[in-house]
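Structural features, examined
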Number of protein chains: 2
Amino acid sequence: MGKTFKLLAIGVVAVTLSLEGISWLLRCLRDGRGRPVKEVLFFPTTVTCINHLFLPGPCSCSLPHGDSTPFTRLLRHLLSARSSLDLCIFAFSSQELCRVVLELHRQHGVSVRVVTDKDYMMISGSQIGALRKAGISVRHELGGFHMHHKFAVVDKKLLITGSLNWTHQAVQGNKENVLVTEDSGFVRPFLQEFEKLWDANDPARSPTLSDFIML
Amino acid sequence: MGKTFKLLAIGVVAVTLSLEGISWLLRCLRDGRGRPVKEVLFFPTTVTCINHLFLPGPCSCSLPHGDSTPFTRLLRHLLSARSSLDLCIFAFSSQELCRVVLELHRQHGVSVRVVTDKDYMMISGSQIGALRKAGISVRHELGGFHMHHKFAVVDKKLLITGSLNWTHQAVQGNKENVLVTEDSGFVRPFLQEFEKLWDANDPARSPTLSDFIML
């Protein structure tokens, strides 16, 4: 009886300590390199060279180099995409952000989908044409109001959202915020919203196109 | 030796199980009523009566009653304020949202501060005048670009942020998002941003006012 109890006690201690150990290890991994991204970026930001994000080696342009700014951090988050980038952007005229999206599409084989606003896709300097020209799938709001979101989901797991339109003025002039998170409680609903808007703005469902086909 | 080992084993098991129990209890409390708020609201929303949020009892208006919509959930989060409400709102013309802010200021003694945009505070139907008339402290962007944020911090601990301007069109027409969180990793930077903008837009620092005084 005494021996059985002793063995049982050792067993319980061993199992409990093992579970604690595994739990501790998982926490360590999570808090270390695997810590979920959680960041807030505020704008406006100073203008710095971003060439180093695309090409290794020195750059001779006149802009400041090597500084980490909210904008370079935003670009780095986007450039971390390996499989997909889903964008819902009201206004998109930033050449730097367009360069990032084109780089992901052309150089990294990332599947990029963009939903934008039908009126604001025609603003001065809009990059929507350049995206479409490069073969990126872009859909625009077919409803009567604005598609006013400004969010991106990287690889279905990193959400980038806030007040910041992807324009030069937003980045370098306005007071703006961008929230970056891997919290699935936030990422999941935004992914669902993207899919909903992607389907709802399928040109095949456009009454204008249907009318055209009927004619 | 055997007895000592047995007692030691029982002690270890007891302590470990107690710690596990406490940890479980804390998790239960956290996941129950004490769970931190984490919510995403999408717009547009249907129009429903919001009178029940202010006055108990039946309402005879023609709008649908009793439904929980993203808008009523947004209003409820704002109405949960007990001590302070710090707002950074680009465009503010929603009468319902103004009603909430006035209710907090007048009926609940909540300290309300508002930072808004100097151009957009003059849009058609702007409620900024009504807020100022009620004695609420409102400051507007004194810089050359837009104060484009759309966030609120309730009682210094609940952040409400997203793409949604506080306008009728944003709530009932546009595709918009609002993220609600008590995560201090998000709330703290937004509080700091609010204080920064509040100080930067102090009218006493306005060059226009200084010029006026010098004259």
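Thresholds, definitions, all that
Throughout this description, residue numbers start from 1 for each chain and increase along the sequence as written. Going through the entries in the order they are written, you letter the chains from A and number the ligands from 1. Restriction of local features to residues with pLDDT of at least 70 applies here, the model being predicted, together with a cutoff of 80 or more for giving and counting side-chain atom pairs; totals for whole chains, interfaces and linings are based on all residues. The basis for the side-chain values is all heavy atoms of the structure; hydrogens and waters are excluded. UniProt positions are given in the numbering used here, feature names are shortened, and annotations may be inferred rather than shown by experiment. To qualify as a helix, a DSSP run of H or I must reach at least 4 residues; to qualify as a strand, a run of E must reach at least 2; elements of each kind are numbered from the N terminus. Distance and chemistry together define a polar contact, namely a pair of N or O atoms within 3.5 Å, with one atom able to donate a hydrogen and the other to accept it when in protein, and with adjacent residues in sequence counting only for side-chain atoms on both sides. The contact rule is simple, with two residues in contact once any of their heavy atoms fall within 4.5 Å. Between any two strands, pairing holds if DSSP finds at least two bridges. Note on geometry: axes are C-alpha line fits, over the in-contact stretch for helices, and angles between N-to-C directions span 0 to 180 degrees.

Taking an unreviewed UniProt entry as the reference, chain A is identified by name as Mitochondrial cardiolipin hydrolase belonging to Huso huso. Quoted verbatim from the Catalytic activity (unreviewed entry) field of UniProt, the annotation for chain A is "a cardiolipin + H2O = a 1,2-diacyl-sn-glycero-3-phospho-(1'-sn-glycerol) + a 1,2-diacyl-sn-glycero-3-phosphate + H(+)". Checking UniProt for chain A, the heading Sequence similarities (unreviewed entry) contains the comment "Belongs to the phospholipase D family. MitoPLD/Zucchini subfamily."

By the element assignment, Lys133(B) lies in helix α4 (residues 128-133). Sequence spacing of Lys133(B) and Arg188(B) is 55 residues, and the spatial spacing of their C-alpha atoms is 30 Å.

We now examine the side chain of Thr72(B). All names here are of chain B. Counting through the fold element by element, Thr72 comes out in helix α2 (residues 70-79). One polar contact links the side chain of Thr72 to the main-chain amide nitrogen of Thr69, over a distance of 2.8 Å. In contact with Thr72, not counting residues within four places along its chain, are Thr48, Ile50, Leu53 and Asp67.

Residues and elements named next belong to chain A. Sheet architecture is open: seven strands sit in the order β1-β7-β6-β5-β2-β3-β4, paired in mixed fashion. Bordering the open sheet on either side are β1 (38-43) and β4 (137-140), each of which pairs with just one other strand. On average, each strand axis in the sheet is inclined to that of its neighbour by 10°, with strand direction left out of account. Direction of pairing for β1 relative to strand β7 (residues 176-181): antiparallel, over a ladder of six bridges. By the bridge assignment, Val40 is partnered in β7 with Leu179. Across the face of the sheet, helix α6 (residues 184-200) comes into contact with β2 (84-89), β3 (111-116), β4, β5 (150-154), β6 (158-162) and β7 while running at roughly 75° to β3.

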